[in-house]
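What follows is the residue order along each chain.
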Amino acid sequence: MDDKTLFSRALEARTQAYAPYSHFTVGAALLCTDGTVYTGCNIENAAFSPTVCAERVAFFKAVSEGRREFAAIAIAGAQEGAAPDSPCAPCGVCRQVMAEFCRADTFRLLLGTAPENIRVYTLAQLLPLAFSGEML
Ligand code: THU
């Protein structure tokens, strides 16, 4: 799947976001190396801390269905009801989850506002000096 299509899937997933507290809605589309795509949206909670980001929803859906090899993730976020006007960067917790399953030098993160306006980063760029299982 090309980058533009993957970003479109993130925009589509964003429409399912449940964000009654922050009113900031996020969608993510995770591309597995076998070509399958898992999407996610943020799901908030009145107790706040149970809130889960769109990226982790996508990862946990994929891992729970047996996927372990990932190529890229597209992320789109903005105020509820508005189109993205700036890239939505993944939070640190989500970057750490990505580091658990993805190769830092090859896993690609597509951040942007629209399919025609995407910047691509590697996980190594967004999470340098990551803590990993190799250190345990
Ligand atoms: N959020 C995400 O889903 N992904 C991100 O990359 C940044 C933040 C969510 C969490 C929360 O529901 C809302 O956006 C505001 O932080």
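Everything below is about the structure printed above this text.
Since the structure is predicted, the reported quantities are computational estimates derived from the model, not experimental observations. Along each chain, residue indices are assigned from 1 in the same order as the chain's sequence is written. Given that the model is predicted, a residue must reach a pLDDT of at least 70 before its local features are reported, and side-chain atom pairs must reach 80 or more before they are shown or counted; all residues, however, enter totals for whole chains, interfaces and linings. Only hydrogens and water are set aside; all other atoms, that is, all heavy atoms of the structure, feed into the side-chain values.

All right, on to the nonpolar core then. For our purposes a nonpolar core is just a set of buried Ala, Val, Leu, Ile, Met, Phe, Trp, Tyr and Cys residues, chained together by side-chain atoms within 4.5 Å. Each residue is placed in one exposure class: buried if its accessible area under a 1.4 Å probe, protein chains only, is under 20% of its type's maximum, exposed if it is over 50%, and partly exposed if it falls in between. Formed by 23 residues in total, the largest nonpolar core has its most connected members in Leu30, Phe59, Phe70, Ile73, Met98, Phe107 and Leu109. Among the elements of the structure, strand E1 (24-32), helix H2 (54-64), strand E3 (70-79), helix H3 (92-101), strand E4 (108-114) and helix H4 (123-126) are those that each provide at least two residues to this core. Contact between two residues is taken to exist if any of their heavy atoms lie within 4.5 Å; hydrogens are not considered. Not counting residues within four places of it along the chain, the set of residues in contact with Ile73 comprises Leu6, Ala28, Ala29, Leu30, Glu55, Phe59, Met98, Phe107, Arg108, Leu109 and Leu110. Of all hydrophobic cores here, the second largest spans 10 residues; its members include Ala29, Leu31, Val37 and Leu110. In this description a helix means any DSSP run of H or I spanning at least four residues, a strand means any run of E spanning at least two, and both kinds are numbered starting from the N terminus.

The subject of this paragraph is helix H1 (residues 3-14). An α-helix turns once every 3.6 residues. As a result, residues three or four positions apart point the same way. Under the 1.5 Å per step criterion, the end-to-end length of H1 is 17 Å for 12 residues, consistent within 8% with the ideal 16 Å. Of the residues making up H1, those classed as buried are Leu6, Phe7, Ala10, Ala13 and Arg14. The arc that holds every buried residue of H1, seen down its axis, measures 115°, which confines them to one face. Turning to H1, the residues buried within the fold contact E1, strand E2 (37-41), E3, E4 and strand E5 (117-122). Polar contacts, as used here, are pairs of N or O atoms within 3.5 Å; protein pairs need one atom able to donate a hydrogen and one able to accept it. Residues neighboring in sequence count only if both atoms are side-chain atoms. For H1, the N-terminal cap is Asp2; the gap from its side-chain oxygen to the backbone nitrogen of Lys4 is 3.2 Å. Expected span of a helix, by definition, is 1.5 Å for each gap between consecutive residues, and there is one gap fewer than residues. An arc is given here, and it is the one of the directions from the helix axis to the C-beta atoms.

Nearness is defined per residue: one heavy atom within 4 Å of the molecule or strand is enough. The local shell around the ligand holds 13 residues, among which Asn42, Glu44, Cys53, Ala54 and Glu55 are the closest. Glu44 is positioned with one of its side-chain polar atoms (N or O) 2.5 Å from an oxygen atom of the ligand. Within the side chain of Glu55, one N or O atom sits 2.5 Å away from an oxygen atom of the ligand. Using the Shrake-Rupley algorithm and a 1.4 Å probe, accessible areas are obtained, with residue cover drawn only from the displayed protein chains. Calculation on the ligand without its partners gives an accessible area of 370 Å², and the protein chains cover 80% of this total. Among the elements of the structure, E1 and H2 are those that each provide at least two residues to the shell around the ligand. Here the residues of the shell around the ligand sort into 8 nonpolar, 3 polar and 2 charged. Classes in brief: Ala, Val, Leu, Ile, Met, Phe, Trp, Tyr, Cys and Pro nonpolar; Asp, Glu, Lys and Arg charged; the others, Gly included, polar.

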